[in-house]
Amino acid sequence: MIEPKKIRLGELEFDCRVAGDESNPLVILLHGFPESSFMWTKLMAHFAAQGFFCLAPDLRGYSRNACPKGAKHYTVVELSKDVLGMADYFGVDKFHLIGHDWGAGIGWYTVDNYAERIISWTAMSIPHN
């Protein structure tokens, strides 16, 4: 069952969807533009049934209370920190990561700079640089 979840990271609060048991391996799914976390609901249900805990956030700029003003807040560096912060929120050191479109761009940066935290990486629609 997919459930809504609010995750606070510093001054930002992200609207998220979660599915599965939190004690299972974490899969973080990053949406593209102009989608939202809703795009992942069918895949989340499938992965949760396979024994994963799934987290799909509405990214920075999409969550109602995570829209800081100014372009400097929307770099892949900042968005990657959000991804890591969400894993930390659940006390998870290593996780699976899936990204589509803009989410894949964020994912590539995250994998490139924090490979030790990533179990597996799937990019959809965006090649590496």
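Before any of the text, the structure's been laid out above.
We now turn to the structure provided with this report.

Criteria and thresholds
- Here the residue numbers are simple positions, counted from 1 along each chain's written sequence.
- With the structure being a predicted model, the display of local features is reserved for residues of pLDDT at least 70 and the display and counting of side-chain atom pairs for 80 or more, all residues being used for whole-chain, interface and lining totals.
- No hydrogens and no water enter the side-chain calculation; it runs on all heavy atoms of the structure.
- Runs of H or I in DSSP of at least four residues are treated as helices and runs of E of at least two as strands, each being numbered from the N terminus.
- Identification of polar contacts relies on pairs of N or O atoms within 3.5 Å, with a donor-acceptor requirement for protein atoms, meaning one able to donate a hydrogen and the other able to accept it, and with residues adjacent in sequence counted only if both atoms are side-chain atoms.
- A contact between two residues is defined here by any heavy atoms of the two lying within 4.5 Å.
- The length a helix should cover is 1.5 Å for every residue beyond the first.
- Each residue is placed in one exposure class: buried if its accessible area under a 1.4 Å probe, protein chains only, is under 20% of its type's maximum, exposed if it is over 50%, and partly exposed if it falls in between.
- Count a disulfide wherever a pair of cysteine sulfur atoms falls within 2.5 Å.

This part covers the side chain of H31. Following the sequence through the fold, H31 ends up in the loop between β3 (26-30) and α1 (41-49). Polar side-chain contacts of H31 include one of 3.2 Å to the backbone oxygen of E35. A distance of 3.0 Å separates the side chain of H31 from the backbone nitrogen of L59, its partner in a polar contact. In contact with H31, not counting residues within four places along its chain, are S36, S37, M39, W40, P57, D58, L59, Y62, H100, W102 and G103.

Moving on, we come to helix α2 (residues 76-89). For α2, which comprises 14 residues, the first-to-last C-alpha distance of 19 Å matches the rise-based estimate of 20 Å (1.5 Å per residue) to within 8%. Regarding α2, the residues found buried are L79, S80, D82, V83, L84, G85, M86 and A87. Among the structural elements, β1 (3-9), β2 (12-19), β3, β4 (53-57), β5 (95-100) and α3 (102-113) are those in contact with the buried residues of α2.

Turning next to the state of the cysteines. Within the structure shown, the criterion is met by 0 disulfides. Note on C16: no disulfide assigned, nearest cysteine sulfur contributed by C54 at a separation of 13 Å.

Another point: the environment of R117. On the secondary structure map, R117 appears in the loop between α3 and β6 (118-124). The sequence separation of R117 and W40 amounts to 77 residues, and the corresponding C-alpha distance is 22 Å.

That bond from F33 to P34 is cis: its omega, 0 degrees, falls within 30 degrees of zero. With respect to the helices, strands and loops of the structure, P34 is situated in the loop between β3 and α1. In this structure, D101 takes a positive phi of about 55 degrees despite not being glycine. Mapping D101 onto the fold places it in the loop between β5 and α3. Judged by its relative accessible area of 25%, D101 falls in the partly exposed class.

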